[in-house]
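# Observations on chain architecture
Here's the letter readout for the chains.
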Amino acid sequence: MSNQHLRLGVNVLASGRHDAAWKTLPDPASLSTDIDRFIAISQSAERALLDAIFLADGPGGLVEESYLRPWRALDPTVLNTALSQHTEYIGLVTTTSSLFGHPYTVARQIASLDYVSQGRAAWNIITSQTSPALQAYGLEKGWDQSERYQRAEEFVQIIQNLWDSFPLEAIEADLDSSVFVNPKKLNPFDLQGQHFSSRGALSVPRTPQGRPVIFQAGQSADSKAFGARYADALFTGQRILENAQGFYQDTKALAASYGRQPDHLLVMPGLFPILGSTDEEAQRHKRKLDDLLDSRSLRAELARHLALDVDDLADLDAPLPHDKIRANEALVPIASRWHRKEMLSEAHAHNWNTRELLFSNIIGGHRIYTGTPEGFAQNMIDWVDAKAADGFNLNIDVQPAGLDVIADYVVPALQKQGRFRREYQTRTLREHLGLPIPQLHSVEQALAV
Ligand SMILES: Cc1cc2nc3c(=O)[nH]c(=O)nc-3n(C[C@H](O)[C@H](O)[C@H](O)COP(=O)(O)O)c2cc1C
């Protein structure tokens with residue numbers, strides 16, 4: 001039997017992953033911007049001894065989500081910087097786009113966060129392009145799939161080279177010679193890409209983690225290849241064990257094909273627990289939250305994901321209109337296809353009707369587990385032992401109460417089986433995750449990519 005420790009992060013959302021969470025919390029209007037709440041959530045995650053808190057984000061612009069629930073209002077780099085001063089051990093993952101803006105800005109921000117947090121920073125790369133983002137950046141149109149990943153590759157190559165461009169040995173601070181930074185010891189580079197270019201060295205020296213950890217969120221074949229090459233960990237969205245095993249095998253093999261050690265690329269699907277002291281209590285808790293949802297807007301959301309008319313989903317207790325769903329597949333935007341595929345595989349596996357699919361986290365996209373903390377801990381262990389994941393990025397129903405259940409019941413259940421730390425024994429996020437410090441990139445390597 002494996003005794004591998006699970007890697008666990010938490011996706012920190014303003015109110016919680018359940019779309020009705022905000023309706024159960026005091027002062028809902030301030031949830032998206034209340035720093036004290038975010039501090040309390042991060043401290044609760046640290047009490048649970050989790051590896052990292054994860055701040056997801058969109059590529060830019062005010063998203064439609066804000067019309068329906070608390071949204072991601074605050075810049076995640078700024079927020080993580082604040083949280084770093086109220087926590088000691090937990091990793092801090094900042095999501096930013098690899099399509100918009102310039103990589104120098106991101107390289108400097110995340111490297112600075114690594115210093116400010118004393119080695120706990122990570123960058124989560126997203127490659128999504130949405131209408132609000134295009135509008136916010138004043139662009140008429142986006143990029144097609146292959147151009148999107150070309151752009152993302154240049155973006156990440158520039159960032160990795162910038163992170164390697166200023167070795168610590170270059171800081172001489174020599175009193176006799178009066179040399180502070182010795183320019184001869186810098187590792188400047190010149191990358192002239194089709195989409196992005198950058199020359200010189202970063203103003204931040206090599207960071208406490210060597211390089212901040214790189215997460216990547218995506219699911220398509222292009223995204224897998226990109227992540228297997230550049231990321232330390234993949235944030236994914238499989239809802240079915242067999243799909244997750246396939247994804248896990250593919251990405252580890254891809255990492256090996258790039259000359260990487262497969263264990264140095266972690267796979268962490270999102271997972272959404274709804275817990276109670278018995279299975280029945282957990283089901284009751286879920287129903288209570290589900291009853292607060294606006295099923296009309298949820299139906300519109302599901303119709304959008306499946307390229308259907310809302311009226312095709314009028315009868316919640318009817319079977320899903322499978323023929324029409326199949327016929328309309330090509331109408332689903334590429335970026336939503338992973339989400340659609342995973343939802344439908346799960347609906348198919350459990351023979352769900354419209355209602356069951358509707359209340360299965362169609363907006364967040366991740367697999368729901370409803371049951372007891374012990375059952376949930378075992379389910380996570382089973383997935384890891386079945387080589388479907390190295391750990392999970394938890395989505396909490398209502399924060400911070402749901403996170404306290406993780407700290408007080410789920411983590412002890414994992415510890416009892418020897419599958420989770422009993423205290424933090426390491427200091428940096430890289431160390432928590434068991435990832436090595438990357439070697440310095442040479443200039444020649446940079447130019448060869
Ligand atoms: C698990 C998961 C999490 C994601 N999180 C975000 C996010 O926080 N913000 C965002 O704008 N896009 C997010 N994305 C979208 C991806 O960055 C990417 O744009 C999307 O998966 C489409 O690209 P692909 O079809 O090549 O995978 C996420 C995707 C996945 C699979």
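Criteria and thresholds
Residues numbered from 1 in each chain as written. Predicted model: local features only at pLDDT ≥ 70, side-chain atom pairs only at ≥ 80, totals over all residues. Buried ≥ 20, exposed ≤ 12 C-beta atoms within 10 Å, placed from the backbone. Helix = DSSP H or I, 4+ residues; strand = E, 2+ residues; numbered from the N terminus. Pairing = 2+ DSSP bridges. Right-handed = clockwise from strand over helix to strand, strands pointing away. Near = placed C-beta within 6 Å. Nonpolar A, V, L, I, M, F, W, Y, C, P; charged D, E, K, R; others polar. Domains from an automatic or database assignment. pLDDT = per-residue confidence, 0-100. Contact = placed C-beta atoms within 7 Å. Expected span 1.5 Å × (residues − 1).

The next point concerns the pairing of strand S4 (residues 121-126). When you tally the buried positions in S4, you get six out of six residues, the bulk of the element. Residues of S4 alternate between two faces, with Ala-121, Trp-123 and Ile-125 on one and Ala-122, Asn-124 and Ile-126 on the opposite face, all of them buried. By the bridge criterion, six bridges tie strand S3 (residues 91-97) to S4 in an arrangement that is parallel. In the sheet register, Leu-92 faces S4, and the bridge partner there is Ala-121. Handedness of the crossover is the feature at issue here: the chain leaves S3, passes through helix H3 (residues 103-116), returns alongside S4, and the resulting connection is right-handed. Note that S4 and strand S7 (residues 213-217) share four bridges and pair parallel. From the neighbouring strand, Asn-124 faces S7, where its bridge partner is Phe-215.

So, about the site of the ligand. Around the ligand, 21 residues are found, and the nearest of them are Ala-56, Ser-128, Ala-217, Gly-218 and Ser-220. Contributing elements (two or more residues each) for the shell around the ligand: helix H6 (221-230) and strand S8 (233-236). Residues that form the shell around the ligand fall into these classes: eight nonpolar, eleven polar and two charged. Both domains that meet at the shell around the ligand, namely domain 1 (7-278 + 366-448) and domain 2 (294-358), each give it at least three residues.

Where strand S5 (residues 189-192) and strand S6 (residues 197-200) come together, four bridges link them in antiparallel fashion. The residue of S6 that forms the bridge with Phe-189 is Gly-200. Hairpin connection of S5 to S6: four residues between the antiparallel strands.

Right, let's talk about the confidence of the model for the chain for a bit. Should pLDDT be low for a region, the predicted coordinates there are not to be read in detail. Summary statistics for the chain give a mean pLDDT of 94 and a share of 98% for residues scoring 70 or more. This stretch, residues 443-449, has a pLDDT under 50; its non-local contacts, to residues over four places away or in other chains, come to seven contacts.

Let us look at helix H11 (residues 337-350). Here H11 contains 14 residues, and its C-alpha end-to-end distance of 20 Å stays within 8% of the 20 Å for a straight helix at 1.5 Å per residue. For H11, every residue scored as buried is listed here: Glu-342, Met-343, Leu-344, Glu-346 and Ala-347. Elements that come into contact with the buried residues of H11 comprise helix H7 (241-257), helix H9 (295-306) and helix H12 (354-358). Backbone geometry just downstream of H11 places Asn-351 in the positive-phi region, at approximately 50°.

Before going further, it helps to examine unusual backbone geometry. A cis geometry characterises the amide bond from Gln-399 onward to Pro-400, with omega recorded as 0°. Mapped onto the elements of the fold, Pro-400 is located in the loop between strand S11 (391-395) and helix H14 (401-416). Not every positive phi belongs to a glycine, and Asn-351 is a case in point at roughly 50°. Mapping Asn-351 onto the fold places it in the loop between H11 and H12. Among the residues examined, Asn-351 registers 9 C-beta atoms within 10 Å and is labelled exposed.

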